[in-house]
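Working through the structure, step by step
Listed below are the residues making up each chain.
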Amino acid sequence: MNRDGIYHLPEGSKETTFCYDDSLPALPLPKLEHTLKRYLESLKPFGTAEELEASKKVIEEFRTGIGGKLHALLEEKAKHEKNWVATWWEDYAYLTLRMPLIPYCVMASPLLLETVGLEDVPENFLKSAAICCTINMQFWKLLRTETLRPIASNDKKILFSSDLYKRLFNTVRAPGLEMDKIVSYFKTEKEGPCPSHLLVIYKGRMFKIEGLHEDGEILSPQDFLLYFQQIQHKVDSEDTSISGVPLLSNDDRTTWARNRSHLIELSERNAEVMRDIESSISMFSMDTNEPSDYSEVATRTLIGDMHSKWADKSATTVCFKNGKMGCMGEHSCYDGTISISMSLYAMLSIFEDGMPDWSIPPKRLVKPVELVFDLDDEIRGEIERMTEVAHKLQNSVCVTVDQFNGYGKEYMKSKKIHPDSWIQTALLLAYYRLHGTFAPTYETAMMRQYYKGRTETCRSCSVDSVNFIEAMGSSKGPAGTKAKLFRTAANRQTELMNEARKGNGVDRHLFGLWCMAYDQGLPIPEFYDDPLYSKSGGGGNFILSTSTLGFTINCGFVAPMCMDGYGCFYTMLGENIWSIFTAYKDSEVTSCRKLQAEFHRALEDIRTVMDADVGTKL
């Protein structure tokens, strides 16, 4: 694995980063009866015989009544739009949400840069930030010049959309009174000029730093280090109170929209400052916290120094005073695969390029420009109020990062079981052991092989996984029987994932039918009021929100979908498994530390069963 082979197009290549996007196939629309059949099957782990019988009647009435009419309208929409769900998904799944983006709507990830030679020590507080600034600019320039290798399967038979990369940089989620709006200032070189500055926030004070020299050359780490040294010296020596304006971006979206509008109306300078913030390539948050381990790094990346986070920015690097680092991404702008891609690029760059020679002087003296808003008493009062709100947000989510060393993907593959399906089944077993119920489970299924594709839901909790979990609850029964049930459950999970990736899921189709009724001004069908709809996860009620992050050390996370739910994210290496679990501290039901312990126990018990099964061939 090397950076060139994964990311860089060879010189003279006829391919460009976005060359395949417009020619990708349209997002498929399943037949209504097929979706409803799969949906009914997904209800079975969660309903009694009586509840399932009632749901069958609701489903049939929906199919032959309003559901059929809505589907016909959806079919007509799909004839004219290559991705019939894209706008609805962005608007209704993301942009209408009124809760604060941090911690509820953003993605975050601890950066394990010491694994590639960048030590997490206080001496590297500014140096690590400077290195990552240069790497950010390199990735930005790959996109600007369209020389980032487009994603494809090894045999090039499957091509994937690169469209979401256009909103990685120079992009903001601008707040609205009822609905937010994604505003992107990014352009490729063919499309025209693009802002080339970055935003740095330290102790609540904001600075604009340029990412390119006048000749278009990217600033070196030595150049960026001089920026950061000047910012640190200025802020620390002046010892003035923090401005507090970034705090306002962490409010609920409607209140922030009002305060943002008021700020802009106060003065022309405020309007210019807002444009500089929102059009910047990315943000660097200089956080004075000193997290001690990966779990604390992950937590503080998400909810650390709220004075130094501008929640709306599409991409943020968080640099801690003791040299540890993390990153954040605004989820409506792009999905986790984009974040992981950028993180892997950074790690490979550090590994391959090594540490800079810090004795080399900067190319020229560069001075940061402080961005200062004009304030009035109303805004000062809002900042004071948000200081208390931010304190509550900082104590809202628990995040644990852990490594299971019992085995990894190589052992799972030796048993002829897909590693992702193995992990999903273990998660279901762990949840059941801790809570005594079966968890409606969401796993992300990537749909980027379709035009402007994003994700579909794979409903992991099946009748087959229930059968395996119940068998594991009994001390009786031969290991061979349990192993067979485990294989059946894991293989069923693989089938469900493969079907979801083909567009044959459940949730996007049902979501589209709901949106069609809403947009047509029709009453929302009673189908969506069926108790088993929400009990099985419908309407964003999945208790386990999960995603595989692949087979590298990069691991990210989001907060749970539900107050009494979990976020479970994992990456599978050859001999171990990294996982990140999240839970809300206000929940009286959940504990991510207890679930992680049960997850380890489930993995160990599954291995015991598989090793004891003499019928299992290696």
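Being a predicted model, the structure only gives us computed values, none of them experimental.

Our next topic: the pattern of salt bridges. For the coordinates displayed, the defined rule picks out 41 salt bridges. Aspartate 611 serves as the salt-bridge partner of lysine 415, at 3.7 Å between the closest nitrogen and oxygen. Here lysine 415 is found in the loop between helix 15 (409–414) and helix 16 (419–435), whereas its partner aspartate 611 is found in helix 21 (residues 592–612), with 196 residues between them in sequence. When its relative accessible area of 43% is taken as the criterion, aspartate 611 is described as partly exposed. Of the charged contacts, one joins aspartate 605 and arginine 433 as a salt bridge, the two residues approaching to 2.8 Å between their closest N and O atoms. On the criterion of sequence distance, the pair formed by aspartate 605 in helix 21 and arginine 433 in helix 16 is long-range, its members being 172 residues apart. Looking at aspartate 605, the relative accessible area reads 22%, which means it is partly exposed. Each member of the salt-bridge network shares a partner with another, and the members are Arg98, Arg173, Asp180, Arg253, Asp312 and Glu330.

Once that is clear, we can look at empty space enclosed by the protein. In this approach the atoms are scanned with a rolling probe the size of a water molecule, which exposes any empty space left behind. In the structure shown here, the tally under the stated rule is four cavities of 30 Å³ or more. By volume, the largest cavity amounts to about 160 Å³. Around the largest cavity, the lining comprises 17 residues; the ones closest to its centre are Leu27, Asn83, Val85, Thr455 and Arg508. For the lining of the largest cavity, the secondary-structure elements that each account for two or more residues are helix 5 (86–95), strand 12 (455–459) and helix 19 (507–519). The residue makeup of the lining of the largest cavity, split by class, is eight nonpolar, five polar and four charged.

Turning our attention to the pairing of strand 4 (residues 197–202). With six of its six residues buried, strand 4 lies for the most part within the structure. Side-chain alternation along strand 4 places His197, Leu199 and Ile201 on one buried face and Leu198, Val200 and Tyr202 on a second face that is also buried. Examined bridge by bridge, strand 4 and strand 5 (residues 205–210) share six bridges and lie antiparallel to one another. Considered in strand 5, the bridge of tyrosine 202 is made with arginine 205. The hairpin turn running from strand 4 into strand 5, its antiparallel successor, is two residues long, and lysine 203 in that turn takes a positive phi close to 50°.

Where helix 16 contacts helix 18 (residues 479–501), the two axes come as close as 8 Å, and the packing angle between them is 115°. It follows that helix 16 is roughly perpendicular to helix 18 by the angle criterion. For the pair helix 16 and helix 18, the crossing hand works out as right-handed. Only Phe486, Ala489, Ala490, Gln493, Thr494 and Met497 of helix 18 make contact with helix 16, whose side of the interface consists of Asp420, Ser421, Trp422, Gln424 and Thr425. A class-by-class count of the residues in the contact of helix 16 with helix 18 yields five nonpolar, five polar and one charged.

Further remarks concern the nonpolar core. Counting 139 residues, the largest nonpolar core has Phe139, Leu168, Phe224, Phe228 and Trp310 as the members making the most contacts within it. In terms of residue count, the dominant contributor to this core is helix 7 (residues 125–144) (13 residues). Structurally, this core is a two-domain feature, drawing no fewer than three residues from each of domain 1 (28–33 + 36–81 + 401–612) and domain 2 (107–395). Residues contacting leucine 168, with those up to four places away along its chain left out, are Phe139, Leu143, Ile281, Ser314, Ala315, Tyr334, Ile338 and Met342. Judged by nonpolar contacts, the second largest core, of 43 residues, contains Phe404, Phe468, Leu544 and Tyr566.

The next point concerns the pairing of strand 11 (residues 441–446). Two elements, strand 11 and strand 13 (residues 544–548), share three bridges in a ladder whose sense is parallel. Within the sheet, the bridge partner assigned to glutamate 443 lies in strand 13 and is threonine 546. Note that strand 11 and strand 12 share five bridges and pair antiparallel. Among the inter-strand pairings, glutamate 443 is bridged to a residue of strand 12, identified as cysteine 458.

Let us now look at the side chain of histidine 213. Mapped onto the elements of the fold, histidine 213 is located in the loop between strand 5 and helix 8 (221–238). Exposure remark for histidine 213: the relative accessible area of 6% places this residue in the buried category. Among the polar contacts made by the side chain of histidine 213, one reaches the side chain of arginine 364 at a distance of 3.3 Å. If sequence neighbours within four positions are ignored, histidine 213 has contacts with Ile218, Leu219, Asp223, Lys363 and Arg364.

Considering only enclosed or pocket space, the second largest pocket measures out at about 290 Å³ in volume. Counting only elements with at least two residues in the lining of the second largest pocket, the list comes to helix 2 (32–43), strand 12, helix 17 (463–472) and helix 18. If you tally residues by element for the lining of the second largest pocket, the top one is helix 18, at four residues. Of the residues contributing to the lining of the second largest pocket, the split by class is six nonpolar, five polar and seven charged.

With respect to the secondary-structure elements, aspartate 155 resides in the loop between helix 7 and strand 2 (171–174). In this structure aspartate 155 comes out as partly exposed when scored by relative accessible area, which is 48%. Once the C-alpha coordinates of aspartate 155 and isoleucine 277 are considered, the two residues, 122 residues apart in sequence, prove to be 42 Å apart. A distance of 2.6 Å separates a polar atom in the side chain of aspartate 155 from a polar atom in the side chain of serine 153. From its side chain, aspartate 155 meets the backbone nitrogen of lysine 157 in a polar contact 3.0 Å long.

Here the focus is the UniProt feature "active site" (unreviewed entry) in the protein. Taken from the UniProt record, the annotation "active site" (unreviewed entry) applies to His331. Checked against the element boundaries, histidine 331 lands in the loop between strand 8 (325–330) and helix 13 (336–353). In this structure histidine 331 touches Tyr94, Cys105, Val106, Met107, Gly336, Arg454 and Val558, once residues within four positions along its chain are discounted.

Here we come to the packing of aromatic side chains. Counted under the stated rule, the structure contains 33 aromatic pairs. With a centroid separation of 4.7 Å and an interplanar angle of 20°, the aromatic rings of tyrosine 432 and phenylalanine 438 are classed as stacked. The class for tyrosine 432 is partly exposed, based on a relative accessible area of 27%. One aromatic cluster in this structure is built from Phe404, Tyr407, Tyr411, Trp422, Phe468 and Phe486. For the cation-ring pair, lysine 77 lies above tryptophan 88, with the distance from its terminal atom to the ring centre recorded as 4.4 Å. Residue placement shows arginine 607 over the ring face of tyrosine 411; its charged tip is 4.1 Å from the ring centre.

What counts and how
Residues numbered from 1 in each chain as written. Predicted model: local features only at pLDDT ≥ 70, side-chain atom pairs only at ≥ 80, totals over all residues. Heavy atoms only, no water. Salt bridge = Lys/Arg side-chain N within 4 Å of Asp/Glu carboxyl O. Helix = DSSP H or I, 4+ residues; strand = E, 2+ residues; numbered from the N terminus. Buried < 20%, exposed > 50% of the residue type's maximum accessible area, 1.4 Å probe, protein only. 1 Å grid on protein atoms, 1.4 Å probe; cavity = no way out; pocket = protein on both sides within 12 Å on 5 of 7 lines; lining within 4 Å. Points joined across faces, edges and corners; volume = space filled by probe spheres on them. Nonpolar A, V, L, I, M, F, W, Y, C, P; charged D, E, K, R; others polar. Pairing = 2+ DSSP bridges. Axes fitted to C-alpha atoms, helices over the stretch in contact; angles between N-to-C directions. Parallel < 35°, antiparallel > 145°, perpendicular 65-115°, else oblique. Left-handed = near helix turned anticlockwise from the far one by under 90°. Contact = heavy atoms within 4.5 Å. Core = buried A, V, L, I, M, F, W, Y, C linked by side-chain atoms within 4.5 Å. Domains from an automatic or database assignment. Polar contact = N/O pair within 3.5 Å; in protein donor to acceptor, adjacent residues only side chain to side chain. UniProt positions renumbered as here; feature names shortened; annotations may be inferred. Phe/Tyr/Trp six-rings, centres within 6.5 Å; stacked < 30°, edge-to-face > 60°. Lys NZ or Arg CZ within 6 Å of the ring centre and 35° of its normal.

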